[in-house]
Amino acid sequence: MKSKVMLVLFTLFFGLFLFLGIKASQTMFSDGEGPAQMTQKTRGPVLLEEQQEEPASADPFTLLIYVDDLSKPEPLLQGVWLSRSGDAQQIKLFFPIFPSQAEDGIQRDINLRGAFWMDEPTQPSEKFLTILRDRNLSWKYIFLLDQAALVEIGLILQETNPDFYQLDPVAVTGLTYSVDNRVVVQENQARYIQELCGQLPLPGQNELLQRFLEGFSGHILINATTPLEFNQSWQGDVSCLFPTLYLLAE
């Protein structure tokens, strides 16, 4: 009697394990939605996401840097802006970096200004660039200019367009950074950019470019592009906007 019971139990469990084995085999090798198929669907997108590269920006940022004198080995930083085209090519967007708009802006300014010098005649220090990258900022082009360049721009524009407001050495002081007047300096720089954009297209703009190339290049430096390409990006009617600033009309 005992042997019969054992035989029945053996047959029952053997049949059960055989059935489960067949089902598992069908699941693993079938085209259905089994666990293996679901595992592939779970891992696939993750793998693709890790391998996916960021598409190149159609209009990368330009890092604009304004200093007191580029002929000095350690020029003093006066202003830093990021610029790029808007939805329309003729709209230029400007974002202030120095002076900073952050809550801890004064400390950020101190850190950034203390890290600025020229590693090479045309290259800002890697420490300065690293601080900006650590703030999740990126750019493709770098455009540097100094106070002498601003004065020269004002003189040239005054010749080609007498109605243009001439930026004289006294006016340049309003663009010079100081901790006490950092907000005012930021607004003054924005207004100067806005006023310059309002004059575009400049009369004799190509002639102005040629004059810079002939004898004033030491006060204006352009990295990762040519002066001619940079000039072409500013041809025609251009509107300059400051999405993070509110400028009251005078």
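The rules behind these values
- Residues numbered from 1 in each chain as written.
- Predicted model: local features only at pLDDT ≥ 70, side-chain atom pairs only at ≥ 80, totals over all residues.
- Heavy atoms only, no water.
- Helix = DSSP H or I, 4+ residues; strand = E, 2+ residues; numbered from the N terminus.
- Buried < 20%, exposed > 50% of the residue type's maximum accessible area, 1.4 Å probe, protein only.
- Contact = heavy atoms within 4.5 Å.
- Core = buried A, V, L, I, M, F, W, Y, C linked by side-chain atoms within 4.5 Å.
- Pairing = 2+ DSSP bridges.
- Disulfide = S-S within 2.5 Å.
- Patch = residues over 30% accessible without salt bridge, like charges linked within 9 Å, V, L, I, M, F, W, Y side chains within 5 Å.
- Areas by Shrake-Rupley, 256 points an atom, 1.4 Å probe, with all protein chains shown as cover.
- Salt bridge = Lys/Arg side-chain N within 4 Å of Asp/Glu carboxyl O.
- Phe/Tyr/Trp six-rings, centres within 6.5 Å; stacked < 30°, edge-to-face > 60°.
- Lys NZ or Arg CZ within 6 Å of the ring centre and 35° of its normal.

### Things to note about the overall build of the protein chain
Now for step 1: The secondary structure content of the protein chain amounts to nine helices and eight strands.
Now for step 2: Sorting the 250 residues of the protein chain into buried and exposed places 36% on the buried side.
Now for step 3: Taking contacts inside the protein chain between residues at least 6 apart in sequence as the whole, the part at least 24 apart equals 62%.

### Considering the nonpolar core
Within soluble globular proteins, side chains that are nonpolar tend to cluster in buried spots.
Now for step 1: Among the nonpolar cores identified, the biggest contains 26 residues, and W81, F94, L145, W234 and F242 are the most heavily contacted of them.
Now for step 2: For this core, the elements supplying multiple residues, two or more each, are β1 (62–67), β6 (141–146), α5 (147–160) and α7 (182–198).
Now for step 3: Those residues in contact with F242 that sit more than four places away from it in its chain are W81, F94, A190, I193, Q194 and L247.
Now for step 4: Ranked by size, the runner-up nonpolar core spans 22 residues in total, among them L63, V67, L112 and A115.

### Observations concerning the pairing of β6
Now for step 1: Burial runs high along β6: five of the six residues are buried.
Now for step 2: Sheet topology note: the β1/β6 ladder contains six bridges and is parallel. Its bridge partner lying in β6, L64 is registered against F143.
Now for step 3: Relative to strand β7 (residues 220–223), β6 runs antiparallel, the two being bridged by four bridges. Residue L145 lies in a different strand from β7, and its bridge partner there is I220.

### Concerning the state of the cysteines
Now for step 1: Applying the stated criterion across every chain yields a total of one disulfide.
Now for step 2: With a sulfur-sulfur separation of 1.7 Å, C197 is cross-linked through a disulfide to C240. The sign of the -60 degrees torsion about the S-S bond sets the C197-C240 disulfide as left-handed. Of this pair, C197 sits in helix α7 while C240 sits in strand β8 (residues 239–241), and the two are 43 residues apart along the sequence. C240 matches C197 in its accessibility class, with the two residues each being buried.

### Overview of unusual backbone geometry
Peptide bonds are mostly trans, and most non-glycine residues show a negative phi.
Now for step 1: With an omega dihedral of 0 degrees, the bond running from F98 to P99 counts as a cis peptide bond.
Now for step 2: By the secondary structure assignment, P99 is in the loop between β3 (91–98) and α3 (105–114).
Now for step 3: A positive phi is found at N136, a non-glycine position, where the angle reads about 65 degrees.
Now for step 4: Relative to the helices and strands, N136 is located in the loop between α4 (126–134) and β6.

### A closer look at a nonpolar patch on the surface
Now for step 1: The grouping of I106, I110 and V179 at the surface amounts to a nonpolar patch, some 240 Å² of accessible area in total.
Now for step 2: Of note, V179 is situated in the loop between α6 (169–172) and α7.

### Things to note about the environment of V179
Now for step 1: On the basis of relative accessible area, V179 is assigned to the partly exposed category, the value being 40%.
Now for step 2: The sequence separation of V179 and I106 amounts to 73 residues, and the corresponding C-alpha distance is 7.0 Å.

### Some points on the packing of aromatic side chains
Now for step 1: Throughout the structure, instances matching the rule amount to five aromatic pairs.
Now for step 2: A centroid spacing of 4.9 Å and a plane angle of 80 degrees characterise the contact between F116 and F128, whose relative ring orientation is edge-to-face. Here the residue F116 occupies a position in the loop between α3 and β4 (118–120), and F128 occupies one in helix α4, the gap between them amounting to twelve residues.
Now for step 3: Accessibility expressed as a relative area gives 3% for F116, which makes it buried.
Now for step 4: Under the relative-accessibility criterion, F128 is labelled buried at 0%.
Now for step 5: Feature note: the residues W81, F94 and F242 constitute an aromatic cluster, connected by ring pairs.
Now for step 6: A cation over a ring is seen here: R84 above F61, with NZ or CZ 5.6 Å from the ring centre.

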